[in-house]
Amino acid sequence: MAKILIVDDSRTSRRMLRAVLEEIGYTEIEEAVNGEDGFIKYKEIKPDLVTMDITMPKLDGIEALELIKKYDADAKVVMISAAGQREKMFKAIKYGAAEFITKPYEKNEVEKIVKGLLD
């Protein structure tokens, strides 16, 4: 089973995304509370997929994505953003984001993207 790392400074957002991932069959899920924590945990657990919020303290999602991709060029990172963050989404593409999910998201959208990247 694939290992997934959820990186988001909002406990509620992490809980909601974890529930969706568990509902579609993923059980090996770790969480990180900001970009810095996400990068550290990425190196520790080597997940198959990362979901990365864009706006966070310490390191934002773009900075964390950049570090993860430098560390592991094959990393699969799905950026999660609020509507209206187009410029940051373009930066994320530049740094190698695999896919995007916009909040509020639908379970079907998350399932399609995650399974598409992992299967």
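Residues numbered from 1 in each chain as written. Predicted model: local features only at pLDDT ≥ 70, side-chain atom pairs only at ≥ 80, totals over all residues. Heavy atoms only, no water.

### Regarding the sheet that holds strand β1 (residues 3-7)
Strands in a sheet are paired, the pairing made by backbone hydrogen bonds, and the direction either parallel or antiparallel.
So, point 1. Within the open sheet, the 5 strands sit side by side as β2-β1-β3-β4-β5. Their pairing is parallel. Edge positions in the sheet fall to β2 (28-32) and β5 (99-103), since each of these pairs with one other strand and no more. Across this sheet, the average inter-strand angle for adjacent strands is 20°, counted without regard to direction.
So, point 2. Relative to β2, helix α1 (residues 11-23) is tilted by about 170°, and along the sheet it contacts β1, β2, β3 (49-53), β4 (77-82) and β5. (Pairing = 2+ DSSP bridges. Helix = DSSP H or I, 4+ residues; strand = E, 2+ residues; numbered from the N terminus. Axes fitted to C-alpha atoms, helices over the stretch in contact; angles between N-to-C directions. Contact = heavy atoms within 4.5 Å.)

### Some words on the nonpolar core
So, point 1. Counting 21 residues, the largest nonpolar core has Met52, Val77 and Met79 as its most contacted members.
So, point 2. Elements that contribute at least two residues to this core include exactly β1, α2 (35-45), β3, α3 (61-71), β4 and α4 (86-94).
So, point 3. A total of 4 residues in this core trace back to one element, the largest contributor, which is α3.
So, point 4. Every residue in contact with Met79, bar those within four places of it in the chain, is listed here: Met52, Ile54, Gly61, Ile62, Leu65, Ala92, Ala97, Glu99, Phe100 and Ile101.
So, point 5. Ala2, Val20, Leu49 and Ile113 belong to the second-largest nonpolar core, a separate cluster that totals 18 residues. (Core = buried A, V, L, I, M, F, W, Y, C linked by side-chain atoms within 4.5 Å. Buried < 20%, exposed > 50% of the residue type's maximum accessible area, 1.4 Å probe, protein only.)

### Some details on the environment of Tyr71
So, point 1. With respect to the secondary-structure elements, Tyr71 resides in helix α3.
So, point 2. The exposure class of Tyr71 is partly exposed, given its relative accessible area of 40%.
So, point 3. Once the C-alpha coordinates of Tyr71 and Phe39 are considered, the two residues, 32 residues apart in sequence, prove to be 9.2 Å apart.
So, point 4. If we skip the residues at most four places from it in the chain, Tyr71 touches Phe39, Tyr42, Lys43 and Lys46.

### Structural notes on helix α5 (residues 107-118)
So, point 1. For α5, which comprises 12 residues, the first-to-last C-alpha distance of 16 Å matches the rise-based estimate of 16 Å (1.5 Å per residue) to within 8%.
So, point 2. Along α5, the positions that sit buried rather than exposed are Val110, Ile113, Val114 and Leu117. The buried residues of α5 all sit within an arc of 90° when viewed along its axis, so they share a single face. Exposed side chains of α5 directed beyond 90 degrees from the buried face belong to Asn108, Lys112 and Gly116.
So, point 3. Those residues of α5 that are buried lie in contact with β1, α1, β3, β4 and β5. (Expected span 1.5 Å × (residues − 1). Arc of directions from axis to C-beta.)

### As for unusual backbone geometry
So, point 1. Looking along the chain, the bond that leaves Lys103 and enters Pro104 is cis, with omega of -10°.
So, point 2. Along the chain, the position of Pro104 falls in the loop between β5 and α5.
So, point 3. One non-glycine residue with positive phi stands out, namely Lys46, at about 45°.
So, point 4. Inspection of the secondary structure puts Lys46 in the loop between α2 and β3.

### Considerations on α1
So, point 1. With 13 residues, α1 extends 18 Å between its outermost C-alpha atoms, agreeing within 8% with the 18 Å of an ideal straight helix rising 1.5 Å per residue.
So, point 2. Regarding α1, the residues found buried are Ser13, Arg14, Leu17, Val20 and Leu21. Looking down the long axis of α1, one finds its buried residues gathered within 130° of arc, a one-sided arrangement. Opposite its buried face, α1 presents the exposed residues Arg11, Arg15, Met16 and Glu23, each directed more than 90 degrees away.
So, point 3. Looking at the buried positions of α1, the neighbouring elements they touch are β1, β2, β3, β4, β5 and α5.
So, point 4. Phi for Gly25, located one or two positions after α1, is positive at around 110°.

Spatial relationships are all this shows, so hold off on functional conclusions.
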